[in-house]
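# Chains, contacts and geometry: an overview
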Number of protein chains: 2
Amino acid sequence: MRQSHFFCKTLKTNPKEGDAISHKLLLRGNFISQLASGVYSFLPLGLRAHRNIEKIIREEIEKIGGQEVLLPSLQPKEIWLKTKRWDEMDPPLFRVKDRHSKEFALGPTHEEVITGLVKLAIQSYKDLPVALYQIQTKFRNEMRFYGGLMRAREFIMKDLYSFHADKDDLEKFFNKAIGAYEAIFNRCGLKAIKSEASGGIFTKENTYEFQILSEMGEDRILFCENCCWASNLEVAEVKDGGKCPKCEKGKLEKRNSIELGHIFRLGSKYSETIGLYFKDKEGNEKPVIMGCYGIGIGRLLATVVEINNDEKGIVWPKELAPFPIHLIQIGEGQDVKKVAETVYSSLMEFGFESLYDDRQDKTAGEKFAEADLIGMPCRIVVSERTIEKDCVEIKPRDEVKAELVRIDYLQQFFNSKLKVQNSKLQP
Amino acid sequence: MRQSHFFCKTLKTNPKEGDAISHKLLLRGNFISQLASGVYSFLPLGLRAHRNIEKIIREEIEKIGGQEVLLPSLQPKEIWLKTKRWDEMDPPLFRVKDRHSKEFALGPTHEEVITGLVKLAIQSYKDLPVALYQIQTKFRNEMRFYGGLMRAREFIMKDLYSFHADKDDLEKFFNKAIGAYEAIFNRCGLKAIKSEASGGIFTKENTYEFQILSEMGEDRILFCENCCWASNLEVAEVKDGGKCPKCEKGKLEKRNSIELGHIFRLGSKYSETIGLYFKDKEGNEKPVIMGCYGIGIGRLLATVVEINNDEKGIVWPKELAPFPIHLIQIGEGQDVKKVAETVYSSLMEFGFESLYDDRQDKTAGEKFAEADLIGMPCRIVVSERTIEKDCVEIKPRDEVKAELVRIDYLQQFFNSKLKVQNSKLQP
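Residues numbered from 1 in each chain as written. Chains lettered and ligands numbered in written order. Predicted model: local features only at pLDDT ≥ 70, side-chain atom pairs only at ≥ 80, totals over all residues. Heavy atoms only, no water.

### A closer look at the packing of helix α2 (residues 44–63) of chain A against helix α8 (residues 297–307) of chain A
Residues and elements named next belong to chain A. Two elements in contact, α2 and α8, have axes separated by 10 Å at closest approach and are oriented at 110°. Here α2 is positioned roughly perpendicular relative to α8, judged by the angle of their axes. Of the two possible hands of crossing, α2 and α8 adopt the one that is right-handed. Where α2 approaches α8, its residues Gly-46, Ala-49, His-50, Ile-53, Glu-54 and Ile-57 are matched on the opposing element by Ile-297, Gly-298, Leu-300 and Leu-301. A breakdown of the residues in the contact of α2 with α8 according to their chemical character gives six nonpolar, three polar and one charged. (Axes fitted to C-alpha atoms, helices over the stretch in contact; angles between N-to-C directions. Helix = DSSP H or I, 4+ residues; strand = E, 2+ residues; numbered from the N terminus. Parallel < 35°, antiparallel > 145°, perpendicular 65-115°, else oblique. Left-handed = near helix turned anticlockwise from the far one by under 90°. Contact = heavy atoms within 4.5 Å. Nonpolar A, V, L, I, M, F, W, Y, C, P; charged D, E, K, R; others polar.)

This is how it looks when you write it as structure tokens:
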């Protein structure tokens, strides 16, 4: 993508808005734009990072057997009355009326809809288990929004729902889902802590949250540095400064954290309310046992930026970067331009779509500052100085030292240093 | 994908619901499920077809320079008041209030939002042209819905907006967009007619619709069979039965049609209202000239089914089929099972993700009927009869005759008959 044509207008300094560094950097780097409080547009750079997270999530969720569906936002009042959540939901539902005065909720979550949908397809134990997920826009009528994408009122969520004949089968899948979540957060460059949590309005059974330690976080967890056991302060039966109930060695500390994912054993709460039953091997009718598993993708993206930045800007983990390579042409001589164009085409042939700074009206300083701000993992510079030696200069975003690489050795360089996978640089 | 695990429960006969054959077939084949009038869930089969259309649209729109963004559904009342569309929009807006009593529209289209967004980025003629598009959920508070996905209240649309320094530049892009639209509809297996149309609430300037002739369609066009000139009856300055104004030979006929796309020269209507100005080469401030270009993806999907079906079910065009191949195992002998599994793995290695009917509790008749109903382009059967000859039986969905192909010749068969492109069969 030629930067001369790319829709991205960065700011030279951090904006006043933004209560988190990730919020400031995402605004300043023109990844997102605010339309209203807690309501954001994704610009090309931001959408590319978002899509990369979606791709990771799809891969990991499909590995454990999740099948993708897409459910509506407009959800009839009746199904929310059935589960009593029309009035109890917290934050309260966004409600809307149609021209026939019928009321709808804008879906903040999809237990009601998916349970009704699966009810149409499940008769017997032979039809179970089933795991369905979607990557879809949620609406939550929050009183307070913070941190840009950290808590928005409209955001894209991955929600997975699983359906089982009994608790043992749920337990098996629950553990697979924990594995998938760990893989997702790892691939996003984050170390998530599995923390005991409360089910809130969803369920009274124990649930887990995946938390990232961060001063920016609004959650409070008790955390054991020794064994990484953690519990949300809301449900913890132990105290700050007390001994870890798991390893019995570590001291528990109260820490701020960001909740990235939440997984629930729903049991038969929704299946009994909505009437999702199946016939077991003996022909007895039983309620289906359910689990549900959410990840807010915008919050995950913001958290990645919150954790991965330096004084110059964002440092994208390789799998999430909007472009794997930022190619920068310095100087306007015909020779430099010609070589830069050749390198740009070659990278494309090697399977890398680079962001190519071909702009004539920017100084070297401006180009470097912007490259550091938007944070692609690998910077390649073509200048008079490098082409004299038939070289380009390559610098990873998270290293200080640059390296001269011969242009005719570029392909071998990438082959040896990096594996090409799905057009993304992999370590 | 093994059908024994695939979430898809088809019906043996057409459902009573559905006022179009496409609606009945999409419900019966378990591609979609109705949640409320005009509100549908996409099940795995339907979502796969939808995603294939999205992929085609992205490819063709990016070829003409469109860059993808994602804009919110929650749109503040103020921006709709500015363009006077808060009250004038037809169908009326879905409106929603937040906890601070602020009003929002659920976006039925995004001229207001994108014009405001682009305003933040455009100062000079050097920043133009720009073309931004999204694939995003729209909400339209229709009085009447019909044909399932044909006119829904919540649906996914591709909306593209272009921004230019003058009318000539808009005209250039407008023609490119017409080309992209033709390419999109061709790849979806449809012959679209470019028809003169009214701009409705969007603009008073001439606009074009892309129409498909179909008795199911709610639009009425005057159509010349001789030169394919067409005009929406609403704006036609000629009469049914009259002479074609273009070729001056053909007789005009009134025909029903389905509107698949609509492209508008917006001119400076929105830029002037919202204040999107730029400085030209002489330093004069001028309003940006805009165009907008929509395709309702659900309606396109339904139209494809409306046009491509027979008495047995859907006949998917190759690029849109949820799976390129439906592999069917007939008989439960160990030999048949073993060969079918090998063929399944081989197809995967050749780059085809097939739907594999490995179910033990279905008769051959049931399997064939379901395969015809859901309509994958290529059926491969493994049975006692075929494995005796070390063969499989291959039948295209739109042909009557099947062909025996030796298993060790399968790869050559696909290489010679078909090009593999993006894991989809191409003719």
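### Examining the domain arrangement of chain A
Much of the literature gives interface size as the accessible area that the parts lose upon coming together. All names here are of chain A. Assigned domains of chain A: these are domain 1 (21–310) and domain 2 (323–426). Inter-centroid distance (C-alpha atoms) of domain 1 to domain 2 is 39 Å. Opposite the ten residues of domain 1 that make contact, domain 2 presents eight residues. Each partner contributes to the roughly 740 Å² buried at the junction of domain 1 and domain 2, and carbon and sulfur atoms together form 57% of this total. (Domains from an automatic or database assignment. Buried area = accessible area lost by both parts, 1.4 Å probe.)

### Comments concerning the interface of chain A and chain B
Across the contact, 55 residues belong to chain A and 55 residues belong to chain B. Counting the surface lost from both chain A and chain B, the interface buries some 4800 Å², and carbon and sulfur atoms represent 65% of this. Contact with chain B buries surface across chain A, with A:Phe7, A:Leu70 and A:Arg99 losing the most and accounting together for 16% of the total. Linking B:Asp127 and A:Lys9 is a salt bridge whose minimum nitrogen-to-oxygen distance equals 2.7 Å. Where chain A meets chain B, there are 20 residue pairs in polar contact (both at pLDDT 80 or more). Across the side of chain A that touches chain B, the residue classes break down as 35 nonpolar, eight polar and twelve charged. (Salt bridge = Lys/Arg side-chain N within 4 Å of Asp/Glu carboxyl O. Polar contact = N/O pair within 3.5 Å; in protein donor to acceptor, adjacent residues only side chain to side chain.)

### Section: the side chain of A:Glu370
Residues and elements named next belong to chain A. Here Glu-370 lies in helix α10 (residues 364–374). Engagement of the side chain of Glu-370 in a polar contact is seen with the side chain of Thr-10, the distance being 2.5 Å. For Glu-370, the contacting residues outside a window of four places in its chain are Gln-3, Thr-10 and Arg-359.

### Brief notes about the sheet that holds strand β6 (residues 103–106) of chain A
Residues and elements named next belong to chain A. The three strands are arranged β4-β6-β5 in an open sheet whose pairing can be described as antiparallel. The open sheet has two edge strands, β4 (74–76) and β5 (95–97), and neither has a second partner. The average angle at which neighbouring strand axes cross in this sheet is 40°, direction not considered. Pairing geometry for β4 and β6, over three bridges, is antiparallel. The residue bridging Gln-75 from the neighbouring strand is Ala-105, located in β6. (Pairing = 2+ DSSP bridges.)

### Overview of helix α1 (residues 21–28) of chain A
Residue and element names in this part refer to chain A. Counting buried positions over the eight residues of α1 gives seven, a clear majority of the element. Along α1, the residues classified as buried are Ser-22, His-23, Lys-24, Leu-25, Leu-26, Leu-27 and Arg-28. Where α1 is buried, its residues contact β1 (32–36), β2 (39–42), α8, β17 (309–310), β18 (313–314) and α10. Once α1 finishes, Asn-30 follows within two positions and takes phi at roughly 60°, a positive value. (Buried < 20%, exposed > 50% of the residue type's maximum accessible area, 1.4 Å probe, protein only.)

### Overview of the packing of aromatic side chains
Following the criterion strictly, the structure yields 23 aromatic pairs over all chains and no others. A ring pair is formed by A:Phe185 and A:Phe210, whose centres lie 5.7 Å apart and whose planes are at 45°; its orientation type is tilted. In this pair, A:Phe185 is assigned in helix α6 (residues 167–187) and A:Phe210 in strand β10 (residues 207–213), connecting sequence segments 25 residues apart. Here A:Phe185 matches A:Phe210 in class, with each residue buried. An angle of 50° between the planes, with centres 5.9 Å apart, marks the rings of B:Phe174 and B:Tyr293 as tilted. Of the two residues, B:Phe174 sits in helix α6 (residues 167–187) while B:Tyr293 sits in strand β16 (residues 289–296), which places them 119 residues apart along the sequence. Residue class for B:Phe174 comes out buried when judged on its relative accessible area of 0%. Put simply, the rings of A:Phe173, A:Phe174, A:Tyr208 and A:Tyr293 pair up and form one aromatic cluster. Over the aromatic face of A:Tyr270 sits the side chain of A:Lys269, whose NZ or CZ is 5.4 Å from the ring centroid. (Phe/Tyr/Trp six-rings, centres within 6.5 Å; stacked < 30°, edge-to-face > 60°. Lys NZ or Arg CZ within 6 Å of the ring centre and 35° of its normal.)

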